[in-house]
Amino acid sequence: MPPRRRSVFLTVLIIVLLLLHGLPWLLLVLAPAWPTAVTVAASVVTVLVLVTFPLAMWRGHGAHHQDGLAAAGDSWLGIIWLLFSWSVLGGGVSVLLTVSGVPDPARSRWVAAGVLCWVTGLAAWGFWQARRVPVVRRVEVAIRRLGSGLDGLRVALVADTHFGPINRARWSAGVARVVNGLDADVVAHAGDVADGSVEQRREQAAPLADMRAREAKVYITGNHEYMSGAAEWSAHMAELGWTVLRNKHVLVHRGGSTLAVAGIDDRTAAGSGVPGHGADLRAALTGIEPEVPVLLLAHQPKQVIHAADAGVDLQLSGHTHGGQIWPFHLIVRAEQGALTGLSRHGERTQLYTSRGSGFWGPPFRVFAPSEITLLTLRAAGGDQT
């Protein structure tokens, strides 16, 4: 990283860390005027965490790959985000109580206690939400050009498994059992399979080999593959029995009708430095007859801009996690243009954005439950929900 860019990055990082830790400290520790011993102890803990947190993230996710430190750092990142977010809202409550005439320090102590209790409950619930096997979200999508022979075709969509420093091999096996229970015609993984190398995450990824599909089992790269060895993960997914759709397509035939299932590399691939990788929608669609409808796998929802221009019928994406930890969804929606569910883009193209099946980093999901999606495709005239 060039010196100037590194300097800007470090400055922004320091400001963010100070804000994330400083605001909760002000609202929850300083403002309530707790007994001196409590205030001093809490302040010391805050400083220690502020200093050790970036070190844990660096040692955990950097070249050292220390999964224990990575898990600890990721967990604290989720907790401090919750504390920061709800401290902001707690500040608003404090203003209302001030206007209502509630005096300090009672006012600040009640707000601080409320925030701490609420965040504790949210963290426990969010941890459970993140670690459980996702529920199946069933969606019907009407596709105008879909032939009658393919009416009712079932597509099971998994995305953002993010196998990482917390071993989730049993969770992965549970996901495979749920997917197989859907008896889908097509099973798709929309990218971000893991955070870490194939060697590190081999055990967690192994159950992906057990997933079954009647017609096709397809996979595309996400942006996190380009931080974890995209070429190696592409090769490993092929070894596990998946067709890796790197700017290409496969055809599904049934009852005299045809559907093209295409896939492209993630939008970050071209700048990743991985030889031969880069999203190429034209290459993915080359050879598809004009009358054949296209189902496209593209990891990031914002890639739908190009899909709509190319006349793709349905794009399936992940990446957003539905925001994962509220209120982060506000940032995600603004950046991607879509957060979750079905949306229309242009005259022909529809986009389905999955909330993802796993979690990235912090092992929490708050107001953004994970999902395995079963999409049932309907020919023209079918209902759309």
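Everything here concerns the structure above.
Reading the values: rules and limits
- Residues numbered from 1 in each chain as written.
- Predicted model: local features only at pLDDT ≥ 70, side-chain atom pairs only at ≥ 80, totals over all residues.
- Heavy atoms only, no water.
- Core = buried A, V, L, I, M, F, W, Y, C linked by side-chain atoms within 4.5 Å.
- Buried < 20%, exposed > 50% of the residue type's maximum accessible area, 1.4 Å probe, protein only.
- Helix = DSSP H or I, 4+ residues; strand = E, 2+ residues; numbered from the N terminus.
- Contact = heavy atoms within 4.5 Å.
- Axes fitted to C-alpha atoms, helices over the stretch in contact; angles between N-to-C directions.
- Parallel < 35°, antiparallel > 145°, perpendicular 65-115°, else oblique.
- Left-handed = near helix turned anticlockwise from the far one by under 90°.
- Nonpolar A, V, L, I, M, F, W, Y, C, P; charged D, E, K, R; others polar.
- Phe/Tyr/Trp six-rings, centres within 6.5 Å; stacked < 30°, edge-to-face > 60°.
- Lys NZ or Arg CZ within 6 Å of the ring centre and 35° of its normal.
- Pairing = 2+ DSSP bridges.
- Patch = residues over 30% accessible without salt bridge, like charges linked within 9 Å, V, L, I, M, F, W, Y side chains within 5 Å.
- Areas by Shrake-Rupley, 256 points an atom, 1.4 Å probe, with all protein chains shown as cover.
- Salt bridge = Lys/Arg side-chain N within 4 Å of Asp/Glu carboxyl O.
- Right-handed = clockwise from strand over helix to strand, strands pointing away.

**Some remarks on the nonpolar core**
Residues V155, V218, L259, L295, L297, L316 and L377 are the most contacted members of the largest nonpolar core, which totals 26 residues. Top contributing element to this core by residue count: strand β2 (residues 153-158), with three residues. Not counting residues up to four positions away in its chain, the partners in contact with L259 are L146, L150, L153, V250, L251, V252, V292, P293, V294, L295 and L377. Core analysis: the second largest hydrophobic core is formed by 24 residues, A176, L182, L208 and L374 among them.

**Observations regarding the packing of helix α1 (residues 3-30) against helix α2 (residues 36-61)**
Orientation of α1 relative to α2, taken along the N-to-C sense of each, is 165°, at an axis distance of 11 Å. Our classification of the angle between α1 and α2 gives roughly antiparallel. For the element pair α1 and α2, the recorded crossing hand is right-handed. Contact with α1, carried on its side by L17, L18, H21, W25 and V29, involves T39, A42, S43, T46, V49, L50, F53 and P54 of α2 and no other residues of that element. For the contact of α1 with α2, the per-class residue count stands at nine nonpolar, four polar and no charged.

**So, the packing of aromatic side chains**
Taken as a whole and assessed by the stated rule, the structure comprises eight aromatic pairs. Seen from their ring centres, W81 and F328 are 5.8 Å apart, and the 90° between their planes marks the pair as edge-to-face. Separated by 247 residues along the polypeptide, W81 in helix α3 (residues 67-99) and F328 in the loop between β9 (314-317) and α10 (329-336) bring together distant segments of the chain. Here the aromatic cluster, defined as three or more aromatic residues joined through ring pairs, consists of W86, W118, W125, W326 and F367. R168 extends its terminal NZ or CZ atom over the ring of W171, reaching a point 4.8 Å from the ring centre. In this arrangement the basic side chain of R168 is found over the ring face of F359, its NZ or CZ atom lying 4.4 Å from the centre.

**Regarding the pairing of strand β10 (residues 341-345)**
Alignment of β10 against strand β11 (residues 349-353), held across five bridges, turns out to be antiparallel. Within the sheet, the bridge partner assigned to L342 lies in β11 and is Y352. Linkage of β10 to β11, two consecutive antiparallel strands, is achieved through a turn of three residues, within which G346 is found at a positive phi near 80°.

**Here's the deal with a nonpolar patch on the surface**
A contiguous nonpolar surface patch, about 470 Å² in accessible area, is contributed by W118, W125, W128 and F367. Here W125 is to be found in helix α4 (residues 106-131). For W125, a relative accessible area of 34% puts it in the partly exposed group.

**Looking at unusual backbone geometry**
In this model, D104 is joined to P105 through a cis peptide bond whose omega is 5°. If you trace the backbone, P105 turns up in the loop between α3 and α4. In this model, W326 is joined to P327 through a cis peptide bond whose omega is 5°. In this fold, P327 is placed in the loop between β9 and α10. For D192, which is not a glycine, the phi torsion comes out positive at approximately 60°. Secondary-structure assignment places D192 in the loop between β3 (186-189) and α6 (198-205).

**Section: the pairing of strand β8 (residues 294-297)**
Of the two faces of β8, the one lined by V294 and L296 and the one lined by L295 and L297 are each fully buried. In this structure, strand β7 (residues 257-263) lies alongside β8, joined through four bridges in parallel fashion. Note on β8: the bridge partner recorded for V261 is L295. The pairing of β8 with β9 spans three bridges and is classified as parallel. Within β9, the position partnered with L296 by the bridge is Q315. Crossover β8 to β9 through helix α9 (residues 304-309) is right-handed.

**Re the pattern of salt bridges**
Taken as a whole and judged by the stated rule, the model has 14 salt bridges. The shortest N-O distance in the salt bridge between R154 and D185 comes to 4.0 Å. Of this pair, R154 sits in strand β2 while D185 sits in the loop between α5 (169-181) and β3, and the two are 31 residues apart along the sequence. The exposure class assigned to D185 is buried, which follows from its relative accessible area of 3%. One salt-bridge network, held together by shared partners, links R154, D183, D185, R214 and R254.

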